[in-house]
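Breakdown of the fold
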Amino acid sequence: MEAVDGATGQLGLGATMRADMAANRGNTKGRVVVAAFRLAAAARGAGRPPLWSLPVLAVYRLVVDWVMGIELPPSVDAGPGLRIWHGTGLVVHANVRLGSDVTLRHNTTLGARGEAVDAPAPILGDRVNVGAGAIILGDHKIGDDAVIGAGAVVIDDVPVGATVVGNPARVLGR
């Protein structure tokens, strides 16, 4: 097992990719997307991408965004064990932060309110499960172990362990 990076608190790239592959076992499309995402994110690095990374980022955008219909920018901060189920129609804002073992399904939107590039975006805790067609808008915190029901529209914070459904989303239970 690789050591945790002291500066970021994240696993190294190899350990993170192994966790992603395990999380997407039996899901070829999910494995392709998260592997490409991790490689593009590593090539991009922090700040302005180096010139050599531009071909990697262009191929990533072509394959994942244009061909597969999944908008998952390499700038998204995602913990290990990211699961993408079906994926088509997935839209994730560049400033979103995802904890470990997060599951995102098709037609899900994790976005900022407004059109500013630097707008605050959702922060999802560990082991969050987001149902198909769910929308999470704004700089809201989704607590660890939360379940966002299919088609829910989340415009407020979600407590740890809560299940939310509906439009606007309401807490069903914990």
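Here is what the cut-offs are and how they apply
- Residues numbered from 1 in each chain as written.
- Predicted model: local features only at pLDDT ≥ 70, side-chain atom pairs only at ≥ 80, totals over all residues.
- Heavy atoms only, no water.
- Salt bridge = Lys/Arg side-chain N within 4 Å of Asp/Glu carboxyl O.
- Helix = DSSP H or I, 4+ residues; strand = E, 2+ residues; numbered from the N terminus.
- Buried < 20%, exposed > 50% of the residue type's maximum accessible area, 1.4 Å probe, protein only.
- Axes fitted to C-alpha atoms, helices over the stretch in contact; angles between N-to-C directions.
- Parallel < 35°, antiparallel > 145°, perpendicular 65-115°, else oblique.
- Left-handed = near helix turned anticlockwise from the far one by under 90°.
- Contact = heavy atoms within 4.5 Å.
- Nonpolar A, V, L, I, M, F, W, Y, C, P; charged D, E, K, R; others polar.
- Polar contact = N/O pair within 3.5 Å; in protein donor to acceptor, adjacent residues only side chain to side chain.

What follows concerns the pattern of salt bridges. Within the structure shown, the criterion is met by 3 salt bridges. Here Asp-20 makes a salt bridge to Arg-38, at a shortest N to O gap of 2.6 Å. Here Arg-38 lies in helix 2 (residues 28-44) and Asp-20 lies in helix 1 (residues 13-23), a separation of 18 residues in the sequence. Each of the two residues, Asp-20 as well as Arg-38, counts as buried. With a shortest N-O distance of 2.6 Å, Asp-145 and Arg-127 are connected by a salt bridge. Of this pair, Asp-145 sits in the loop between strand 10 (141-142) and strand 11 (147-148) while Arg-127 sits in the loop between strand 7 (123-124) and strand 8 (129-130); the two residues are 18 residues apart in sequence, bridging distant segments of the chain.

Moving on, we get to the packing of helix 2 against helix 3 (residues 54-67). The contact between helix 2 and helix 3 brings their axes to 9 Å, and the two run at 155 degrees. Classed by the angle they form, the pair helix 2 and helix 3 counts as roughly antiparallel. As for the relative orientation of helix 2 and helix 3, their crossing is left-handed in sense. Across from Val-33, Ala-36, Phe-37, Leu-39, Ala-40, Ala-43 and Arg-44 in helix 2, the residues of helix 3 making contact are Val-56, Leu-57, Tyr-60 and Val-64. Of the residues that constitute the contact of helix 2 with helix 3, the class distribution is 10 nonpolar, no polar and 1 charged.

Here we come to the side chain of His-93. Examined against the element boundaries, His-93 turns out to sit in the loop between strand 3 (91-92) and strand 4 (97-98). There is a polar contact of 3.0 Å between the side chain of His-93 and the backbone nitrogen of Asn-95. Not counting chain neighbours up to four residues away, the residues in contact with His-93 comprise Pro-73, Val-76, Leu-110, Gly-111, Ala-112, Ala-116, Val-117, Ala-119 and Ala-121.

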